[in-house]
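Structure at a glance
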Amino acid sequence: MSDFFAQGGYAFFVWGAYGMTALLLVIEVLQLRARQRTIRARLGRLMRIRDAGANDQ
Amino acid sequence: MALNWFKFASPASFYPIAGRLVPAFWIITLILLGLGLYWGFFETADRLGGSNAQKEYYRIIFIHVPAAWMSMWLYVVMVGWAAIGLVFNTRLSFMMANAVAPTGAIFTFLALWTGAFWGRPSWGTYWDWDPRLTSELVLFFLYIGYIALHSAIDDVRRADRAAALLAIVGLIMVPVIFWSINCPDPNQCAALHQRSDLTQIDANILFAMLAMTFGFWTYSFATSFMRLRGIILQRESESAWVRDLLDTGDKA
Amino acid sequence: MLRLFWCILSRDLTLALRRGTDVLTSLFFFVIVVSLFPLGVGTEREVLQTLGPGVVWVAALLASMLALERLFAADHVDGTLEQMLLTDQPRALLVLAKITAHWLLTGLPLVLIAPLVGMQYHLTGAAVGVMMLTLLIGTPVLSLLGAIGAALTLGLRGGGILLALLILPLYIPVLVYGAGAIDVAATVSVADTRPYFELLGAFLLVTLVFAPVAAAAALKISLE
């Protein structure tokens, strides 16, 4: 197992490359999910405001 | 062919389709990446012989080459959508181009990063002015230029069209730029990278590399569709269908 | 058609020369950048001879790019540009005339000042001659390509820095072969610079045909 992580002494390079790839791809996905939630929340808020305004009249 | 393509070209009808496709693409992506990583790490030799011996660090190839391929392919896809948008004046095409650009920029950055981490053990330096690395750097600048121009213009219609035109000019210039980087002396072309020939690659390595490439491809589909849905919601927030959608509270 | 070209060209030249300083600022920018390099990297003769061709060309790229912002800006602010585009004259020709005027005011002075730079960097006479010729063929390409960027960023806040981001990558081929030719003339022989000039000439012809069309399309997008 530790042999696998050592990658013949090149662990820093192999895992440095794979680590950055994993990190960026995960960040991209998380950021996209967060953005989708923010947009929906904002639109929902806008609609509630509009509905409330309509009821008042 | 009674299929009406323009029906799908409207943001309202494509939004739910994209929503249904995203999970499917995620499943395929996970399978392909899992397969590629397993094959790349456990079914390939640790050391490669030959005239230019490569040790374990060659395994960076399984992300470096797919990332570089995707970075170039996504630029072509982006320009394709931008051109369709300019010609047919379809809103969805511009949104597609916009949705693809950040993913393309990320893959370009990853190709550079993994290239540096591969270059250090094999060439002895993180960065070399190797033609392909330099070309990749220029491609990164082109992506950044596209994204920067689009976000600098407030008027969406102008932003879409201006960025599209820039992308097309960029694509036309790309071969000239790459050629000039590759052959700074017109009489001879330099190359630090070895000439690549897919048929000379060991079958196991090639298999892992292709699995990773298709995995990155479906990943790009998934993330661009996710981003596309966000863009559609933002731009169409005033339209009736978005209001209906929020009223029914769909979960997708 | 030719009358339209001359009309716009002479108008732009007259307007610019009446103010005068616009021409001088980009010229002095070029001279200052080129003069600062030896202060940064040291004044040894060999170092300067190696760096000279590249420095001259990078400075030329920056000088021509900085001047680009003004290509359409003044006419855009006072509304002349929109009026010009509304006429039924060919747009690309109109843009070409403006680019030509712009190059005469910002590119040509660089060509003429080049011998001075050659002295600063101890370049041989042959290399200076080649340098002037590459600048003469190369700077119009910069103006032509840059016009597309200037049209796209028309009227945007922070347009100047954005323009640099968009346009500088496209300048790479001119930089590579422009500086390469001077280098070859200085280290090998003038006869070997021929392929470089053929390539630069090809760039000029191709951009001369396509860049005004693209810039006109960009202007249309920006003004809609």
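Residues numbered from 1 in each chain as written. Chains lettered and ligands numbered in written order. Predicted model: local features only at pLDDT ≥ 70, side-chain atom pairs only at ≥ 80, totals over all residues. Heavy atoms only, no water.

1. Examining the packing of helix α1 (residues 2–19) of chain C against helix α6 (residues 91–106) of chain C
Residue and element names in this part refer to chain C. This is how the line gets drawn: Orientation is described by lines fitted to C-alpha atoms, with helices fitted over the stretch in contact, and by angles between N-to-C directions that extend from 0 to 180 degrees. Each helix corresponds to a stretch of at least 4 residues labelled H or I by DSSP, and each strand to a stretch of at least 2 residues labelled E; elements are numbered beginning at the N terminus. Left-handed is the label given to a crossing in which the near helix is rotated counterclockwise from the far helix by less than a right angle, and right-handed is the label when the rotation is clockwise. Note on contacts: a residue pair qualifies if any of its non-hydrogen atoms lie within 4.5 Å across the two residues.
Following both chains from N to C, one finds α1 and α6 inclined at 35°, their axes separated by 8 Å at the closest point. Of the two elements, α1 crosses α6, and the hand of that crossing is right-handed. Of the residues in α6, those touching α1 at Leu4, Phe5, Ile8, Leu9, Arg11, Asp12, Leu13, Ala16 and Leu17 are Leu93, Leu94, Leu96, Ala97, Lys98, Thr100, Ala101, Leu104 and Leu105.

2. Topic: the UniProt feature "transmembrane region" (unreviewed entry) in chain C
Residue and element names in this part refer to chain C. Test applied: UniProt positions are given in the numbering used here, feature names are shortened, and annotations may be inferred rather than shown by experiment.
Annotation from UniProt places "transmembrane region" (unreviewed entry) at residues 21–42, 54–72, 93–117, 123–148, 160–179 and 199–219. Split by type, residues 123–148 is 92% helix and 0% strand. Its first and last C-alpha atoms lie 34 Å apart. Structurally, residues 160–179 is divided into 80% helix and 0% strand, and its ends, taken at the C-alpha atoms, are 25 Å apart.

3. Description of the packing of aromatic side chains
What counts here: Here a Phe, Tyr or Trp ring, Trp counted by its six-membered ring, pairs with any other such ring whose centre lies within 6.5 Å, and the pair is stacked when the planes are under 30 degrees apart, edge-to-face when over 60, and tilted otherwise. Under the scheme applied here, a residue whose accessible area is under 20% of the maximum for its type counts as buried, over 50% as exposed, and between as partly exposed, the area being computed with a 1.4 Å probe on protein chains only. In this scheme, the term charge over a ring applies when either NZ of a lysine or CZ of an arginine sits within 6 Å of the ring centre and within 35 degrees of the ring normal.
Overall, the coordinates contain 28 aromatic pairs over all chains when judged by the stated rule. The interplanar angle of 65° and the centroid separation of 5.5 Å between the aromatic rings of Phe14(B) and Phe225(B) together place this pair among those described as edge-to-face. With Phe14(B) in helix α2 (residues 11–42) and Phe225(B) in helix α7 (residues 203–235), this pair connects stretches of sequence that are 211 residues apart. When its relative accessible area of 13% is taken as the criterion, Phe14(B) is described as buried. Taking the centre distance of 5.6 Å and the plane angle of 75° together, the rings of Trp26(B) and Tyr219(B) count as edge-to-face. Of the two residues, Trp26(B) is situated in helix α2 and Tyr219(B) in helix α7; the sequence distance between them amounts to 193 residues. By way of ring pairs, the aromatic residues Phe12(A), Phe13(A), Phe109(B), Trp113(B), Phe117(B), Tyr126(B) and Phe140(B) are connected into one cluster. In this arrangement the basic side chain of Arg229(B) is found over the ring face of Tyr15(B), its NZ or CZ atom lying 4.2 Å from the centre.

4. A few points about the UniProt feature "transmembrane region" (unreviewed entry) in chain B
Residues and elements named next belong to chain B. The feature "transmembrane region" (unreviewed entry), as annotated in UniProt, sits at residues 21–41, 61–88, 95–117, 137–153, 162–181 and 201–222 in this numbering. Overall, residues 95–117 shows 100% helix and 0% strand. The separation of its end C-alpha atoms is 34 Å. Here residues 201–222 is 91% helix and 0% strand, with 29 Å between the C-alpha atoms at its ends.

5. Re unusual backbone geometry
A positive phi angle is found at Asn89(B), which is not glycine, with a value near 60°. Structurally, Asn89(B) can be placed in the loop between α3 (61–88) and α4 (91–123). Its identity is not glycine, yet His122(C) carries a phi of approximately 55°, on the positive side. As for its placement among the helices and strands, His122(C) is situated in the loop between α7 (108–120) and α8 (125–152).

6. Here's the deal with the side chain of Thr29(B)
Residues and elements named next belong to chain B. In this fold, Thr29 is placed in helix α2. The buried category is assigned to Thr29, whose relative accessible area is 1%. If we skip the residues at most four places from it in the chain, Thr29 touches Gly215, Thr218 and Tyr219.

7. Thoughts on the interface of chain A and chain B
Selection rule: The term buried area refers to how much accessible surface (probe radius 1.4 Å) is lost by two components on association, counted for both of them together. Should a side-chain nitrogen of Lys or Arg be within 4 Å of a carboxyl oxygen of Asp or Glu, the pair is scored as a salt bridge. We define a polar contact as two N or O atoms separated by no more than 3.5 Å, with the added condition that, inside protein, one atom must be a possible hydrogen donor and the other a possible acceptor, whereas residues neighbouring each other in sequence contribute only through side-chain atom pairs.
If you look at the interface, chain A gives 28 residues, while chain B gives 42 residues. Summing both sides of the interface, chain A and chain B together bury roughly 3,200 Å²; the carbon and sulfur share of this comes to 71%. Viewed at the interface, chain B and chain A are joined by 1 salt bridge. As a salt-bridge pair, Glu28(A) and Arg227(B) come within 2.7 Å of each other at their nearest N and O atoms. Where chain A touches chain B, the interface holds 9 residue pairs in polar contact (both at pLDDT 80 or more). Sort the elements by how many residues they give to the side of chain A that touches chain B and helix α2 (residues 11–56) of chain A lands first, with 24 residues.

8. A short note on a nonpolar patch on the surface
Formally: Here a patch means residues that are over 30% exposed by relative accessible area and free of salt bridges, tied together within 9 Å if like-charged and within 5 Å if nonpolar (Val, Leu, Ile, Met, Phe, Trp, Tyr). Surface exposure here means Shrake-Rupley accessible area, sampled with a 1.4 Å probe, where a residue is shielded only by the protein chains that are shown.
Residues Trp69(B), Met72(B), Trp73(B), Val76(B), Leu171(B), Leu210(B), Phe214(B), Trp217(B) and Phe221(B) make up a contiguous nonpolar surface patch of about 740 Å² in total accessible area. Locating Met72(B) in the fold gives a position in helix α3.

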